[in-house]
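Residues per chain are reported as follows:
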Amino acid sequence: SLSALSPSPTVVLGLPIPDGAMAGASAREQIAGKLPSKAAPNDASSGCCCGFRAIGSSLKGMCEPVPMEQEAGHVRLAKMHEERDRELAAAKLRAVEAKLQQEIALKEWEDQLVQLHEKRTAMTSEELDKDVLDHFAAAAWLRTVSGSSLGGGDGTELANPEGEDADPQAQLADEAAAEAAARAAAEPAGPQTPFEHWLADRMGLDGMQREDGDTEAHHMGCGSCRWRCFGTLPREAIPSVADSLSEVLARSAEEDSTRVDEVLGRAAKVKTAGFSEKFDEILARYAAEGDEDQTEAEEGLSPEEAAVAQEQAQAEAEALRFRSSRFRAVGTRVASLAPTLEGDTASARLVAALAVLDLVENPRLSPSAVDGRTGSVGTGVDGELSGLPDFRGFRAPLGTLSTADACWALCSEKRHLVVERMLPSAAAEGRWSWPEVRRCGVGWWLCGASASCSSSSFDDRDASARQLEQTDAIVSKLAQSAVAQLRHYEKTGKFLGQKSSTMMERCDSSNNKALQRLADKAVFWYVLLGTKLTKLKALVKTGVLRAEPALAALLNHEKSEDPLFLRKNAFRLLQLHRFQLAVALFLLCDCWEEAASVAAKHLQDMQLVLILARRRPDISAPMLRNMLAELPPPASGSAMGEDAWLRLLLAWHVGDAAE
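Residues numbered from 1 in each chain as written. Predicted model: local features only at pLDDT ≥ 70, side-chain atom pairs only at ≥ 80, totals over all residues. Heavy atoms only, no water.

Colleague: Got a minute to help me understand unusual backbone geometry in this structure?
Modeller: Where the residue is not glycine, phi is negative for most of them; where a peptide bond is considered, it is trans in most cases. For the bond from Leu423 to Pro424, the omega torsion is -10°, close enough to zero to count as cis. The backbone of His577 sits at a positive phi, close to 65°, despite the residue not being glycine. Position of His577 relative to the elements: it lies in the loop between α21 (563-575) and α22 (579-588). Judged by relative accessible area, which is 59%, His577 ranks as exposed. Of note in this structure, Asp590 is not a glycine but carries a positive phi near 60°. With respect to the helices, strands and loops of the structure, Asp590 is situated in the loop between α22 and α23 (592-601). Given a relative accessible area of 54%, Asp590 falls into the exposed group. (Helix = DSSP H or I, 4+ residues; strand = E, 2+ residues; numbered from the N terminus. Buried < 20%, exposed > 50% of the residue type's maximum accessible area, 1.4 Å probe, protein only.)

Right, here's the structure in full:
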């Protein structure tokens with residue numbers, strides 16, 4: 001019997017027998033013990049057979065397949081990697097196909113834009129409006145509903161001309177046209193404030209009461225005007241423009257202050273419905289059932305609605321306070337200059353134009369150039385203003401300084417007083433910035449070899465020296481403002497005048513780029529001021545440029561005195577699109593033509609070229625002469641070709657005004 005064996009692990013042929021096999025053997029031994037003695041095997045043969053059975057059972061268990069849920073980990077991981085690789089390959093293929101389709105669509109769109117530009121170049125305003133409307137699916141509908149109701153004559157809605165299965169793109173176009181019509185209807189149709197009434201009257205808006213008592217039947221906010229700017233006003237309208245402007249601004253400020261009290265008073269009377277009011281309202285409704293003549297109880301606002309109404313009232317009051325303060329500040333400036341403008345019509349036109357510009361919130365302008373049709377000197381190459389309302393009709397002077405205003409400013413005898421009193425704008429709160437100066441067209445009427453005033457009280461040399469001193473003072477203030485902006489942003493992570501930083505500006509990469517731009521701007525304006533490399537190194541030692549160590553290392557480099565070294569680094573900065581710093585390095589190595597070329601071509605800023613080359617008119621004159629030669633002829637119908645003020649402005653700066 002095996003029950004007499006030792007309980008220690010059994011070893012058969014040198015191999016250990018598993019515990020399961022031993023358990024099975026013990027069970028068989030117990031069964032065998034219950035058999036008759038004649039059926040029980042002998043001890044030797046029984047022990048040997050049980051050992052072989054245990055080995056066979058163990059080997060059989062090892063050869064049985066493992067279930068899928070118990071598959072080896074490395075096998076499952078390999079399968080997961082293969083599946084992931086297939087997904088990534090499919091996603092990459094889809095991305096390549098999408099990019100190819102996008103490139104094809106972009107190429108088709110560019111071709112369409114080129115064809116559209118060629119088609120619309122020689123169009124008049126009426127033809128252009130008609131052509132633009134033809135690109136909308138709802139063009140006919142727009143023409144039929146202009147100035148009338150949106151439905152038919154019987155009050156029914158217009159039916160879909162394409163039936164129930166209309167084109168989705170046409171439906172989207174209809175929705176966009178409807179939204180545009182709604183926005184246009186929401187805009188004010190005409191002057192809204194005393195200042196706008198004054199401006200519309202001065203610009204000769206159709207429908208306004210004229211001095212001769214003649215009144216036309218209608219007018220719109222963007223209607224036709226006799227004049228587009230103060231530079232084109234008749235001479236007899238100029239002597240009283242400063243006094244009347246200051247008076248109307250003071251009256252507008254008082255009116256807005258009164259409206260603030262009215263808005264806050266209405267907000268204080270907002271009724272908030274509590275539990276008892278709601279309960280009484282429910283009882284009143286039940287009591288009024290069946291009585292058609294019973295008027296409904298007055299409904300109060302919920303606490304949430306009341307809070308929203310209060311916030312809206314506060315926002316409206318704040319906007320009115322801001323506009324009132326702006327009217328009052330600009331009116332004070334004009335009133336202080338009014339006594340000095342007697343007999344100087346050119347200065348009076350300039351003061352009025354700058355004052356009206358100051359009444360608009362600081363816009364984001366594209367790079368400066370001269371635009372023909374709009375007659376503006378502070379807008380971008382395309383003459384568009386970013387983030388501004390529609391400045392058509394009598395509101396045109398609110399957009400930017402016109403070429404006519406700039407030409408009259410060249411003849412002003414009080415330019416130094418105008419710069420001191422009117423710049424920077426009231427909204428800037430004493431902070432100087434190039435977009436503000438550029439919008440006022442300072443480069444066009446304060447710089448240039450021929451820009452000296454025609455006054456007989458000074459000779460040409462004294463006038464030019466005073467003009468250069470005034471320009472240097474502006475550049476100095478721009479440089480100081482750039483350094484202050486850099487230090488403030490380095491400490492707070494916000495720009496001067498900014499209340500809170502956006503999410504994008506809190507990112508490290510965005511902060512680094514902002515610091516880089518501010519550092520480039522500071523060095524740029526100091527170099528334009530005439531600062532040499534020695535003073536720039538001293539500026540680095542003050543720690544102003546510690547946020548941009550690469551720039552500090554460049555200025556402190558052992559080869560920084562070598563013009564060839566600075567020139568090579570300037571070209572490298574052009575590749576990095578750091579144009580302002582590239583201009584600064586070109587100026588440090590006396591490469592004036594390269595610096596002016598970068599400002600004109602890359603920065604697209606001819607006013608900056610005039611500021612940069614204010615002591616080197618031979619640098620800016622060829623560029624201005626090329627601009628003058630490239631203007632279309634007046635009879636071509638082109639917008640820029642028809643602007644005689646633009647031709648006079650360019651000719652003045654190149655010294656050919658007499659011709």
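Colleague: Could you clarify how one ought to interpret the packing of helix α12 (residues 403-410) against helix α26 (residues 644-654) in this entry?
Modeller: The relative placement of two packed helices is expressed as an angle between their axes plus a distance between the axes. Where α12 contacts α26, the axes come no closer than 8 Å and their chain directions differ by 40°. With respect to α26, the element α12 is oriented oblique. Remark: the crossing between α12 and α26 carries left-handed chirality. Contacts between α12 and α26 involve Thr403, Ala404, Ala406, Cys407, Trp408 and Leu410 from the former and Trp645, Leu646, Leu648, Leu649, Trp652 and His653 from the latter. Split into classes, the residues belonging to the contact of α12 with α26 amount to 10 nonpolar, 2 polar and no charged. (Axes fitted to C-alpha atoms, helices over the stretch in contact; angles between N-to-C directions. Parallel < 35°, antiparallel > 145°, perpendicular 65-115°, else oblique. Left-handed = near helix turned anticlockwise from the far one by under 90°. Contact = heavy atoms within 4.5 Å. Nonpolar A, V, L, I, M, F, W, Y, C, P; charged D, E, K, R; others polar.)

Colleague: When you look at the packing of helix α10 (residues 303-337) against helix α13 (residues 415-422) in this model, what are you seeing that I'm missing?
Modeller: Taken N-terminus to C-terminus, the directions of α10 and α13 make an angle of 155°; their axes are 10 Å apart at the nearest point. Considered as vectors, α10 and α13 are oriented roughly antiparallel to each other. Seen from above, α10 lies across α13 with right-handed handedness. Of the residues in α13, those in contact with Arg333, Ser336 and Leu337 of α10 are Leu417, Arg421 and Met422.

Colleague: In this structure, what is going on with the pattern of salt bridges? I would like to understand it.
Modeller: For side chains bearing opposite charge, pairing can occur when the charged atoms are close. A full pass over the atoms with the stated rule returns 16 salt bridges. One salt bridge connects Asp358 with Arg333, and the closest N-O pair in it is separated by 3.4 Å. Of this pair, Asp358 sits in helix α11 (residues 345-358) while Arg333 is found in helix α10, placing the two residues 25 residues apart along the sequence. For the pair shown, Asp358 and Arg333 are each scored as buried. Between Arg578 and Asp520 there is a salt bridge whose closest N-O contact spans 2.7 Å. With Arg578 in the loop between α21 and α22 and Asp520 in helix α18 (residues 508-528), this residue pair connects regions lying 58 residues apart in the sequence. You can call Arg578 buried: its relative accessible area is 12%. (Salt bridge = Lys/Arg side-chain N within 4 Å of Asp/Glu carboxyl O.)

Colleague: Sorry if this is basic, but what is going on with the side chain of Ser425 here?
Modeller: Tracing the chain through its elements places Ser425 in the loop between α13 and α14 (434-439). In this structure the side chain of Ser425 is engaged in a polar contact, spanning 2.7 Å, whose partner is the side chain of Glu436. (Polar contact = N/O pair within 3.5 Å; in protein donor to acceptor, adjacent residues only side chain to side chain.)

Colleague: Which parts of the structure should I look at to understand the packing of aromatic side chains?
Modeller: The way to describe two aromatic rings as a pair is by their centre distance and the angle between their planes. Inspection of every chain in the model, using the stated rule, returns 7 aromatic pairs. With a centroid separation of 6.0 Å and 45° between ring planes, the pair formed by Phe195 and Phe327 is classed as tilted. Taken together, the positions of Phe195 in helix α7 (residues 194-203) and Phe327 in helix α10 put the pair 132 residues apart, joining distant regions of the chain. The burial state of Phe195 is the same as that of Phe327; both residues are buried. The ring centre of Trp408 lies 4.3 Å from the NZ or CZ of Arg349, which sits over that ring. (Phe/Tyr/Trp six-rings, centres within 6.5 Å; stacked < 30°, edge-to-face > 60°. Lys NZ or Arg CZ within 6 Å of the ring centre and 35° of its normal.)

Colleague: Would you mind showing me how to read the side chain of Gln485 here?
Modeller: Turning to its location among the elements, Gln485 is positioned in helix α16 (residues 460-492). At 2.6 Å, the side chain of Gln485 and the backbone nitrogen of Leu496 are in polar contact. Excluding anything up to four places from it in sequence, Gln485 contacts Phe495, Leu496 and Leu518.

Colleague: Looking at this model, I keep getting lost on the environment of Ala473. Mind explaining?
Modeller: Looking at where Ala473 falls in the secondary structure, it is placed in helix α16. C-alpha separation for the pair Ala473 and Leu529, spaced 56 residues apart in sequence, amounts to 8.9 Å.

Colleague: Is there a simple way to explain a nonpolar patch on the surface in this structure?
Modeller: A grouping of Leu106, Trp109 and Leu113 is seen on the molecular surface, where their side chains present a nonpolar patch of about 310 Å² in accessible area. Looking at the element boundaries, Trp109 is found in helix α3 (residues 73-120). (Patch = residues over 30% accessible without salt bridge, like charges linked within 9 Å, V, L, I, M, F, W, Y side chains within 5 Å. Areas by Shrake-Rupley, 256 points an atom, 1.4 Å probe, with all protein chains shown as cover.)

Colleague: Help me out: how do you make sense of the confidence of the model for the protein in this one?
Modeller: Low-pLDDT stretches of the model should not have their predicted coordinates read in fine detail. Averaged over all residues, the pLDDT of the protein equals 74, while 63% of them reach at least 70. Every residue in residues 363-374 scores below 50 in pLDDT, and together they form 57 contacts with partners more than four places removed in sequence or on other chains. In the model, residues 379-389 has pLDDT below 50 throughout and makes 29 contacts with residues more than four positions away in sequence or in other chains. (pLDDT = per-residue confidence, 0-100.)

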